[in-house]
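An overview of the molecular structure
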Amino acid sequence: MTVRVQEETFDPGLELNSFTQSVQGAGAVVSFTGVVRDVEGKLAEMLIEHYPGMTEKAISKIVDEAKTRWSLAGALVIHRYGQLGAGDQIMMVATASRHRVDAFQAAEFLMDYLKSRAPFWKKERTASGDSWVEARDEDEDALSRW
Amino acid sequence: MDVLYFAWVRERIGVPRDTIETDAATVNDLIEELRARGEEYQFAFEDIRALRVALDQELSDFDASLSGVKEVAFFPPMTGGE
């Protein structure tokens, strides 16, 4: 299980290939890449703040929880912080399992929990000013299905 | 005790952290002490329903005890992921 919190960008294709090669006995590999959405063509940049120390712990705890719920041959989480532009990748999750259901469900679980339980905060910078992205009720509701 | 602030809580207070001596028994007691520090703090803590708290880097509650806690962090609900 690998958790990386980093400022620099990453290549999702390379990461997926090396993850796939590293897992033993998996018949299914699922990956998700989150990308900075443009705000009606106005986004100048996105700033992601995090809580060094807690971030790594919180993500590891989420991954450990996923491991208790599904049979996983491996899991990878990469999440960036710092200054990002529209179209840049923010984060990536990959899961591997013997059969696809575990990998799909674990990946969705990881995404839902990363969204509202890992200490990251996004700020959008546009020509009309800066604003913190607000958490949505749906994000919290998404956790209740697990 | 180290008290850390993130996102707009940090911006409202104007500093990323304070190191304070406190006898506060709970997070709520600590917030009362912080509010007394000035209007920046009152602004940051005007509605604690909009805030989350972590004790020693674990999410916690406002009525939790601060006994043995070395690091408290206040921040808005998290917005990670895509």
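Our subject in this report is the structure included herewith. (Residues numbered from 1 in each chain as written. Chains lettered and ligands numbered in written order. Predicted model: local features only at pLDDT ≥ 70, side-chain atom pairs only at ≥ 80, totals over all residues. Heavy atoms only, no water.)

1. As for the sheet that holds strand 8 (residues 129-132) of chain A
Residues and elements named next belong to chain A.
- Pairing is antiparallel in the open sheet, where 4 strands are placed in the order 5-3-7-8. Sheet topology places strand 5 (82-84) and strand 8 at the edges, where each strand pairs with a single neighbour. This sheet shows a mean twist of 25 degrees between the axes of neighbouring strands, independent of strand direction.
- As paired strands, strand 3 (residues 43-50) and strand 5 are joined by 3 bridges and run antiparallel to one another. Directly across from L47, in strand 5, lies its bridge partner Q83. (Pairing = 2+ DSSP bridges. Helix = DSSP H or I, 4+ residues; strand = E, 2+ residues; numbered from the N terminus. Axes fitted to C-alpha atoms, helices over the stretch in contact; angles between N-to-C directions.)

2. Describing the interface of chain B and chain A
- With 22 residues of chain B at the contact, the number on the chain A side is 30 residues.
- For the pair chain B and chain A, the summed buried area comes to about 2,100 Å², and 55% of that belongs to carbon and sulfur atoms.
- Looking only at chain B, the three residues that lose the most surface to chain A are B:M78, B:T79 and B:E82, adding up to 36% of its buried area.
- Counting every contact that joins chain B to chain A gives 4 salt bridges.
- Close ionic contact of A:K123 with B:E11 constitutes a salt bridge, the shortest N to O distance being 2.5 Å.
- Here chain B is connected to chain A by 17 residue pairs in polar contact (both at pLDDT 80 or more).
- Listing elements by their share of the side of chain B that touches chain A, those giving two or more residues are strand 1 (2-5), helix 1 (7-13), strand 4 (58-60) and strand 5 (71-75) of chain B. (Contact = heavy atoms within 4.5 Å. Buried area = accessible area lost by both parts, 1.4 Å probe. Salt bridge = Lys/Arg side-chain N within 4 Å of Asp/Glu carboxyl O. Polar contact = N/O pair within 3.5 Å; in protein donor to acceptor, adjacent residues only side chain to side chain.)

3. Concerning the pairing of strand 1 of chain B
All names here are of chain B.
- With 3 bridges joining them, strand 1 and strand 2 (residues 17-19) adopt antiparallel strand pairing. Along strand 2, the bridge assignment pairs L4 with R17.
- Bridge count between strand 1 and strand 5: 4 bridges; the pairing is parallel. When the sheet's bridge partners are listed, D2 is paired in strand 5 with E71.

4. Some thoughts on the packing of aromatic side chains
- On inspection of all chains with the given rule, the structure shows 11 aromatic pairs over all chains.
- Following the ring pairs from residue to residue traces out a cluster consisting of A:Y51, A:W121, B:F6 and B:F75. (Phe/Tyr/Trp six-rings, centres within 6.5 Å; stacked < 30°, edge-to-face > 60°.)

5. With respect to the pattern of salt bridges
- Tallied over the full model, the rule gives 20 salt bridges over all chains.
- Note that A:R117 and A:E140 form a salt bridge whose closest N and O atoms lie 2.8 Å from each other. Of this pair, A:R117 sits in helix 3 (residues 100-117) while A:E140 is found in helix 4 (residues 137-144), placing the two residues 23 residues apart along the sequence.
- For A:R117, a relative accessible area of 28% translates into the label partly exposed.
- A:E138 is the salt-bridge partner of A:R136, the closest N and O atoms lying 3.7 Å from each other.
- Given the relative accessible area of 46%, A:R136 is considered partly exposed.
- With a relative accessible area of 47%, A:E138 lands in the partly exposed category.
- Overlapping salt bridges, with partners in common, bring together A:E45, A:K123, A:R125, A:D130 and B:E11 in one network. (Buried < 20%, exposed > 50% of the residue type's maximum accessible area, 1.4 Å probe, protein only.)

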